[in-house]
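# Topology and contacts: notes
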Amino acid sequence: GAHSTVGVPLAPRWLSLASQLHTGRRPNPSRVPLMNELRSVREVLDVHEKCAAIMRPIDVSACWNSLGKLVRRDPRERAWLRDELRRRPQTLQPLLDSALEVLPRATAQPVANVAHGLAVVGDRVG
């Protein structure tokens, strides 16, 4: 079926990825799931943990874009991430490391998405 692409950068690329991702409703573990289908910060971090090795710059930037959107729109997600970072300050380190790894070969859009996501998380979560 069709997937919503609202708020997802480079939607045509995501749509082509979507067609490769799903067999029925089960995502292929060797592919990166669509970030706009994830409903929590924990889900975004879990997907990153499972898929980091195969993520392209646009995938890493979509993680940051999703994190920014979730903490901006949902006070529960903002509170969850704030509490998680108090308990485990290294929570975002793997995603930060991925960004640092992919940004040197990224085009402008993923760089902008990572910068914006980081800014929103820093502003809303601290």
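Everything discussed here concerns the structure shown above.
The shown structure was predicted, so the numbers you read here are calculated from the model rather than taken from an experiment.

### Remarks on the pattern of salt bridges
Under the counting rule described, the total for this entry stands at seven salt bridges. Put simply, D59 and R56 hold a salt bridge, and the shortest N to O gap is 3.3 Å. Its relative accessible area of 2% is what places D59 among the buried residues. Given a relative accessible area of 33%, R56 falls into the partly exposed group. Among the ionic pairs, D74 bridges to R76, the shortest N-O distance being 3.2 Å. Here R76 falls in the exposed class, since its relative accessible area comes to 65%. What emerges from the salt-bridge pattern is a single network uniting E84, R87 and R88.

### Some details on the packing of helix α2 (residues 41-51) against helix α4 (residues 75-87)
When two helices pack together, their arrangement is captured by the angle between the axes and the distance separating the axes. Direction vectors running N to C along α2 and α4 enclose 55 degrees, while the axes themselves pass 9 Å from each other. It follows that α2 is oblique to α4 by the angle criterion. Between α2 and α4, the residues in contact are V41, R42 and L45 and E77, W80, L81 and E84, respectively. Along the lines of polarity and charge, the residues of the contact of α2 with α4 split into four nonpolar, no polar and three charged.

### Focus on the environment of D97
Locating D97 in the fold gives a position in helix α5 (residues 93-102). Residue classification places D97 among the partly exposed positions, given a relative accessible area of 40%. Between the C-alpha atoms of D97 and A52, which are 45 residues apart in sequence, the distance is 10.0 Å.

### Regarding the nonpolar core
Core analysis: the biggest nonpolar cluster contains 25 residues, and M35, W64, L67, L81, L92 and V121 have the highest contact counts within it. At the level of elements, α2, α3 (57-73), α4, α5 and α6 (108-125) are the ones that each hand at least two residues to this core. No other element matches α3, which puts seven residues into this core.

### Some thoughts on the packing of α3 against α6
Look at α3 against α6: their axes get within 8 Å of each other, and the N-to-C directions meet at 30 degrees. Taken together, the axes of α3 and α6 are roughly parallel relative to one another. As for the relative orientation of α3 and α6, their crossing is left-handed in sense. Contact residues: α3 offers P57, I58, S61, W64, N65, L67, G68, V71 and R72, while α6 offers P110, N113, V114, H116, G117, L118, V120, V121, R124 and V125.

The rules behind these values
Residues numbered from 1 in each chain as written. Predicted model: local features only at pLDDT ≥ 70, side-chain atom pairs only at ≥ 80, totals over all residues. Heavy atoms only, no water. Salt bridge = Lys/Arg side-chain N within 4 Å of Asp/Glu carboxyl O. Buried < 20%, exposed > 50% of the residue type's maximum accessible area, 1.4 Å probe, protein only. Axes fitted to C-alpha atoms, helices over the stretch in contact; angles between N-to-C directions. Helix = DSSP H or I, 4+ residues; strand = E, 2+ residues; numbered from the N terminus. Parallel < 35°, antiparallel > 145°, perpendicular 65-115°, else oblique. Contact = heavy atoms within 4.5 Å. Nonpolar A, V, L, I, M, F, W, Y, C, P; charged D, E, K, R; others polar. Core = buried A, V, L, I, M, F, W, Y, C linked by side-chain atoms within 4.5 Å. Left-handed = near helix turned anticlockwise from the far one by under 90°.

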